[in-house]
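Structure at a glance
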Amino acid sequence: MKVVAPVLASAVAACLAVAGLLFWSSGEADRVAMERQERLVTLIISNLRASIAYDQESVTVWDDSVVQVRRGEAASDWLDVNLGSWMHTYFGHDGAYVLDPANRPIYAFSVTPTKAQDAYRLIEPVVAPLVKDLRQRLQAGDTSGVGGRMLSPGAADLMVVQGHPAVVSVKPIVSDSGEIDQIPGQEYLHIAVRYLDGNFINDLKQNYLFEGMRFAWQNNAAEGEVGLPLLSDAGSAVGYFIWRPYRPGSAVLSDLTPLLLGVFGLALLTIAVLLYVIHQRSTKLVASEARMEYLALHDALTGLPNRAKFDDALDEALGKLKQSSDSLAVLYLDIDRFKQVNDTMGHPAGDGLIRSFAERLRELARETDTVARIGGDEFVLVVPCRNAGEEIEPLCNRILASVRQPFDIDGNQVFVSVSIGVSVAPADGMERTELTRKADIALYHAKSAGRGRYARFGNAMDSMLQARRQIERDLRVALARKGELAVHYQPLYSASDMSITGVEALLRWKHPQKGWISPAIFVPIAEETGLIEPLGDFVLREACQAASAWPKLTLSVNVSAIELRNPAFAARVAETLVASGIKPQRLELEVTESALSDHAGQCEENMRALRALGIRFALDDFGTGFSSLGRLQDFEVDRIKIDRSFISGFGKAKGDEAIVQAIVDLAHAKGLKTTAEGVETSEQGDYLKDIGCDELQGFLLSQAVPQAEINSLLGLKGKRGVASAA
């Protein structure tokens, strides 16, 4: 006994020490795990508040929104598409409301089964304080909160809306150009509501592995659950998120207690096993927390850093830049006409395109670069460099060339392009908000210049915006008087015998002070400002009159999607043909894929009516913007025009010859003719003839010339007066 007692006492003491260590370790592990999960939920809700306000600014900082809300109920369809149901479809918002300056609702959208006219009345008592606070701040000129990616003041809070815990955000609807006069405090307001129960909780459970998460008005957490209060800005609890936290320590204790009771004599071995298991469980916890943190800072679709991670990376890079003489470039990228992919092929195809696009950016970026997706089809690159002037231009060209290669989406080859805006530190500033703003401005200019290109920010860009507005004013004057606008004609040649088969009518503008202005400059402005329809009428009328003297040639006229959406377009074309006397079978209208992807169906109705008259259609600029070889069978066109950018790429290591070959082969398989634009060398012409291209057009053969020169080419000298009078 003298020996056994001390041994037993020592064994009991050892077991008690091990048990005490086990209970303490498991409790500490549980406590740390729960604290970290609570901090993660708080961070996610904070990010959601900022994200909702940023989502709103995609439509509230917009001239068109200011104009349309002032129309009130007359613009209800527009408000629903752009400020209401679209916010639910694209961003997942559960409610959207528009208030006039007197805080009266002019539009309401809610996912709850409530009549539209009652929707805002039901939430007004709750959101009225936010509305009042924002109006007072706007009237006082308070711009707190504006900066970074936030372009306008706002008010947001957690509150109870129609029996749901929700984030409510109020934003003013303001002009993005600053050209629309608005009285501070009298702006129209946009209210966005996002419920925190339902789908939001399901997303938390799925993406962040919160077991059994639910919402409750009271903290009725059961044993083994934890409740986290949702606090409003005033500090009051709106409700509670309750879930079963992962307790690594308790799991260890549950696993090892039977062993401790059954293996009393192996206390030392038990301690070793205990330490090993705790280490394994801790490693699992660290991995789980790392995964949660990764999801909070990365885009779920592409795995790229999200906006928050991008902001941190740019701030860190700028901090390092202050200590060196190097440069730093910020590239804003936007996929051109991405919405058409979603509209015509569906959201899964759009997601596939986003993933493929992100992968190409990864392949082009270096290890020192940061590639991020900041929302929708918007991406950004942070590129440290020693000499921005020498390094950034080649990088942009590599990106443009890479994106021009077709994307394989669900078995369809899809063609898109990308626009890039560039700002450089320290030349354009050393603050994140300043650099991103200037990159955004440069991106706008890249898109305005025709998409599929890049632009570096320059101080002259503000002047360019003024110049665009001046062009709009001068174009209106040119339409009202004769002499400035003229129609020239570029011949189309048969690839087989080089005979002239037709002409394409092209608008030219000779400004009285500035001389010839490129259509690439004034046509996009005309489309944006509503001038494209009178311009199109002018070109069609002049071209048909001229073509009456060329009975053996087809006449091609470009038509914008805006014109085709006009219900009266088909009738106007028919009237013009009758007035000129040319046969409908000689007229070919060139359209782009945007016209063929019209959701309302008006373009399709016009095309059906015109085809019934015998008019043919050609698909212009195929291969640019959004193009899909697999969708050619859906297009009721007679001919495809292959974009000049592919022809100019012949002989370069880009594979353009193979792309053109594929387009020609597939077009012929569908019974369509092909025309190659921009043929400038005999080698290009010979290759196109060899692969079976039907027609050629370009400076090698003839540039666009006045009517009289076409008469000369056809041996019709002296018939200019006849053509003009026809």
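Because the structure is a prediction, the values reported are computed rather than measured.

1. Here's the deal with the pairing of strand β7 (residues 226–231)
The pairing of β7 with strand β8 (residues 237–244) spans six bridges and is classified as antiparallel. Within the sheet, the bridge partner assigned to L231 lies in β8 and is A237. Where β7 folds back onto β8 in an antiparallel hairpin, the turn is made up of five residues, including G235, whose phi is positive at roughly 95 degrees.

2. Quick look at the nonpolar core
Membership of the largest hydrophobic core comes to 69 residues, with the highest contact counts inside it found for W550, L555 and L688. Tallying contributions element by element places helix α15 (residues 532–547) first for this core, with nine residues. If near-sequence neighbours (up to four positions away) are discounted, L688 is found in contact with I647, F650, V660, A676, V679, C693 and L696. Ranked by size, the runner-up nonpolar core spans 34 residues in total, among them I354, A365, V371 and C385.

3. As for the packing of helix α17 (residues 569–580) against helix α19 (residues 602–613)
Running from amino to carboxyl end, α17 crosses α19 at an angle of 25 degrees, the nearest separation of the two axes being 8 Å. In terms of axis orientation, α17 runs roughly parallel to α19. Helix-helix and strand crossings are classified by hand; for α17 and α19 the assignment is right-handed. Every residue of α19 that contacts α17 at F569, A570, V573 and A574 is listed here: N606, A609, L610 and L613. The class makeup of the residues in the contact of α17 with α19 is seven nonpolar, one polar and no charged.

4. Digging into the side chain of E563
Positionally, E563 belongs in helix α16 (residues 561–564). Despite its burial, E563 pairs with no opposite charge; the closest candidate is R572, at 5.0 Å N-O. Excluding its chain neighbours within four sequence positions, the residues that come into contact with E563 are I532, E533, G536, D537, N558 and F569.

5. Observations regarding the packing of aromatic side chains
All told, the structure shown has 15 aromatic pairs when counted by the stated rule. Plain terms: the ring middles of F215 and F241 are 6.2 Å apart, the flat faces sit at 85 degrees to each other, and that makes the pair edge-to-face. Of the two residues, F215 sits in strand β6 (residues 211–216) while F241 sits in strand β8, which places them 26 residues apart along the sequence. Both residues of the pair, F215 and F241, belong to the buried class. Between the aromatic rings of F650 and Y687, the centroid separation amounts to 5.2 Å while the plane-to-plane angle is 80 degrees, which identifies the pairing as edge-to-face. Of the two residues, F650 is situated in the loop between α20 (644–648) and α21 (656–669) and Y687 in helix α22 (residues 682–690); the sequence distance between them amounts to 37 residues. Judged by relative accessible area, which is 13%, F650 ranks as buried. Judged by its relative accessible area of 27%, Y687 falls in the partly exposed class. Members of the aromatic cluster, connected to one another through ring pairs, are F200, F215, W217 and F241. Above the face of the F407 ring, R360 is positioned so that its terminal group lies 3.6 Å from the ring centre. For R404, the ring lying beneath its charged end belongs to F646, and the centroid distance is 5.3 Å.

6. With respect to helix α14 (residues 519–529)
Side chains three or four residues apart in an α-helix point the same way, a direct result of the helix having 3.6 residues per turn. Where α14 is concerned, the buried positions are F522, I525 and A526. Across the axial projection of α14, the buried residues extend over an arc of 105 degrees, all falling on one side. Exposed residues pointing more than 90 degrees away from the buried face of α14 are listed as A520 and E528. The distance from a side-chain oxygen at the start of α14 to the backbone nitrogen of A520 is 3.1 Å, and the residue carrying that oxygen is S518.

7. With respect to the sheet that holds strand β1 (residues 95–99)
The antiparallel open sheet is built from five strands, whose spatial order is β2-β1-β5-β4-β3. In this open sheet, the two edge strands, each paired with only one partner strand, are β2 (105–110) and β3 (155–161). Pairwise comparison of adjacent strand axes, ignoring direction, gives a mean angle of 20 degrees for this sheet. Bridge count for β1 against β2 is five bridges, and the pairing is antiparallel. Among the inter-strand pairings, L99 is bridged to a residue of β2, identified as P105.

Rules of the game
Numbering of residues starts from 1 in each chain and follows the order in which that chain's sequence is written. For a predicted model such as this one, the threshold for reporting local features is a pLDDT of at least 70, and the threshold for listing and counting side-chain atom pairs is 80 or more; totals across whole chains, interfaces and linings nevertheless cover every residue. Side-chain numbers here rest on the full set of heavy atoms in the structure, without hydrogens or water. What makes two strands pair is DSSP finding at least two bridges between them. Under the DSSP-based scheme used, a helix requires at least four consecutive residues in state H or I and a strand at least two consecutive residues in state E, with every element numbered from the N terminus. Only buried residues count toward a nonpolar core. Its members are Ala, Val, Leu, Ile, Met, Phe, Trp, Tyr and Cys residues joined through side-chain atoms within 4.5 Å. Relative accessibility thresholds used throughout: buried, under 20% of the residue-type maximum; exposed, over 50%; partly exposed, between the two (1.4 Å probe, protein chains only). Two residues form a contact once any of their heavy atoms are found within 4.5 Å. For every element, the axis is a line fit to its C-alpha atoms; helices are fit only across the contacting stretch, and the angle between N-to-C directions ranges from 0 to 180 degrees. Roughly parallel means an angle under 35 degrees; roughly antiparallel means over 145; roughly perpendicular covers 65 to 115; every other angle is labelled oblique. Two helices crossing with the near one rotated counterclockwise from the far one by less than a right angle form a left-handed crossing, whereas a clockwise rotation gives a right-handed crossing. Classes in brief: Ala, Val, Leu, Ile, Met, Phe, Trp, Tyr, Cys and Pro nonpolar; Asp, Glu, Lys and Arg charged; the others, Gly included, polar. For the charge count, each Lys or Arg is scored as positive and each Asp or Glu as negative, with His and the chain ends excluded. Between Lys or Arg on one side and Asp or Glu on the other, a salt bridge is scored when a side-chain nitrogen of the former is within 4 Å of a carboxyl oxygen of the latter. Between the rings of Phe, Tyr and Trp (Trp by its six-membered ring), a pair exists once the centres lie within 6.5 Å; its type follows the angle of the planes, with under 30 degrees stacked, over 60 edge-to-face, and the other angles tilted. By definition here, charges over rings are those cases where NZ of Lys or CZ of Arg is within 6 Å of the ring centre and within 35 degrees of the ring normal. It is the directions from the helix axis to the C-beta atoms whose arc is reported. A 3.5 Å cut-off defines polar contacts: any pair of N or O atoms within that distance qualifies, except that in protein one atom must be a possible hydrogen donor and the other a possible acceptor, and neighbouring residues in sequence count only when both atoms are side-chain atoms.

Just geometry here; none of it tells us what the structure is for.
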